[in-house]
Amino acid sequence: MTVHIGAKSGQIAETVLMPGDPYRAKWAAQTFLEGAELVNEVRGMLGFTGTYKGNRVTIQGSGMGMPSLSIYANELIRDYNAQTLIRIGSCGGMQPQVGIRDVIVAMTASTITSPSSGIFRELNFAPCADYGLLSAAVKAAEARGTKTHVGGIYSSDVFYAERPDLDEQMVRHGILGVEMEAAELYTLAARHGRRALAVLTVSDHLQTGEALPSEDREKTFGDMVEIALEAAFT
Ligand code: HPA
């Protein structure tokens, strides 16, 4: 047990998928894992462990934003020895070629600030994905025929942004989408020598204002979960 995770030692797998939403963790575990068991419900941040094609996997909610994700990722890495951490979640599209329902595999995650920024002081550290996971995810997405984009994303600290100029610079520099967690996950994985990746579904678009209707979300998010699971065990 840790401060925020009630699982006993051994109840968390070496491979952990991390959706922001704890109910999405429950849905993904029930839909894609065999023998999924609830291993955490502290603060309602549900976590489940089961198997995917015979491989043990935990699906643990991270909450929204980098401070919340940092708590869970730190405890998973330090106390439960998680080796592979894959964020699965939604993002806002930022480029015209990035459509609603498309998948983004995040090669890098830019950020203004994260829980880790303090340790870098004047250095602009470049959080990046594990290449092996990234290339396996791209292959899995291609095999499924899922429309997928690979490139940089922006991990913002705010959902209700008040700096349109920042979004403009992100768009101008080819950033594919915006979410709120990946940069800290990539930084923690780098610090502790673990593998990390973010596989994201475009749920809304900053330029067109389009948004995924809630009834379409399950099927679309399912593609992302399967891509993440395939990537983890390739
Ligand atoms: N901004 C930040 N995070 C998000 C968004 C967004 O527009 N959409 C989904 N996650």
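Criteria and thresholds
- Residues numbered from 1 in each chain as written.
- Predicted model: local features only at pLDDT ≥ 70, side-chain atom pairs only at ≥ 80, totals over all residues.
- Heavy atoms only, no water.
- UniProt positions renumbered as here; feature names shortened; annotations may be inferred.
- Helix = DSSP H or I, 4+ residues; strand = E, 2+ residues; numbered from the N terminus.
- Rg over C-alpha atoms; globule rule 2.2 N^0.38 Å.
- Contact = heavy atoms within 4.5 Å.
- Lys, Arg positive; Asp, Glu negative; His and termini not counted.
- Charge placed at Lys NZ, Arg CZ, Asp CG, Glu CD.
- 1 Å grid on protein atoms, 1.4 Å probe; cavity = no way out; pocket = protein on both sides within 12 Å on 5 of 7 lines; lining within 4 Å.
- Buried < 20%, exposed > 50% of the residue type's maximum accessible area, 1.4 Å probe, protein only.

Going by an unreviewed UniProt entry, the chain carries the name Purine nucleoside phosphorylase DeoD-type and comes from Pseudosulfitobacter pseudonitzschiae. According to UniProt, the comment filed for the chain under the heading Sequence similarities (unreviewed entry) is "Belongs to the PNP/UDP phosphorylase family." Taken directly from UniProt, the Function (unreviewed entry) text for the chain runs: "Catalyzes the reversible phosphorolytic breakdown of the N-glycosidic bond in the beta-(deoxy)ribonucleoside molecules, with the formation of the corresponding free purine bases and pentose-1-phosphate."

Caption draft 1: The overall build of the chain, seen in detail. Along the backbone of the chain there are seven helices and nine strands. In summary, the chain has a C-alpha radius of gyration of 16 Å against a globular reference of 17 Å for 234 residues, a match within 12%. Dimensions of the chain, computed from C-alpha atoms along their principal axes, come out at roughly 45 × 40 × 30 Å. Counted over contacts in the chain with a minimum sequence separation of 6, partners at least 24 positions apart contribute 78%. One way to put it: in the chain the 20 positive side-chain charges average out to a point 4 Å from where the 27 negative ones average out.

Caption draft 2: Representation of the UniProt feature "binding site: phosphate" (unreviewed entry) in the chain in the model. In the numbering used here, UniProt assigns the feature "binding site: phosphate" (unreviewed entry) to Gly-20, Arg-24, Arg-43, Arg-87, Ile-88, Gly-89 and Ser-90. The annotated residues named above include Gly-20, Arg-24, Arg-87, Gly-89 and Ser-90 as those lining the largest pocket. Counting through the fold element by element, Arg-24 comes out in helix 1 (residues 22–32). In this structure, Arg-24 is in contact with Pro-19, Ser-90 and Phe-221, ignoring residues within four places of it in sequence. Within the fold, Arg-43 resides in the loop between strand 2 (34–40) and strand 3 (47–52). Residue classification places Arg-43 among the exposed residues on the basis of a relative accessible area of 72%.

Caption draft 3: How the structure looks around unusual backbone geometry. Phi angles above zero are rare outside glycine, and Lys-53 is one such case at about 50°. Following the sequence through the fold, Lys-53 ends up in the loop between strand 3 and strand 4 (55–60). A positive phi is found at Arg-121, a non-glycine position, where the angle reads about 50°. Residue placement: Arg-121 occurs in the loop between helix 3 (117–120) and helix 4 (131–144).

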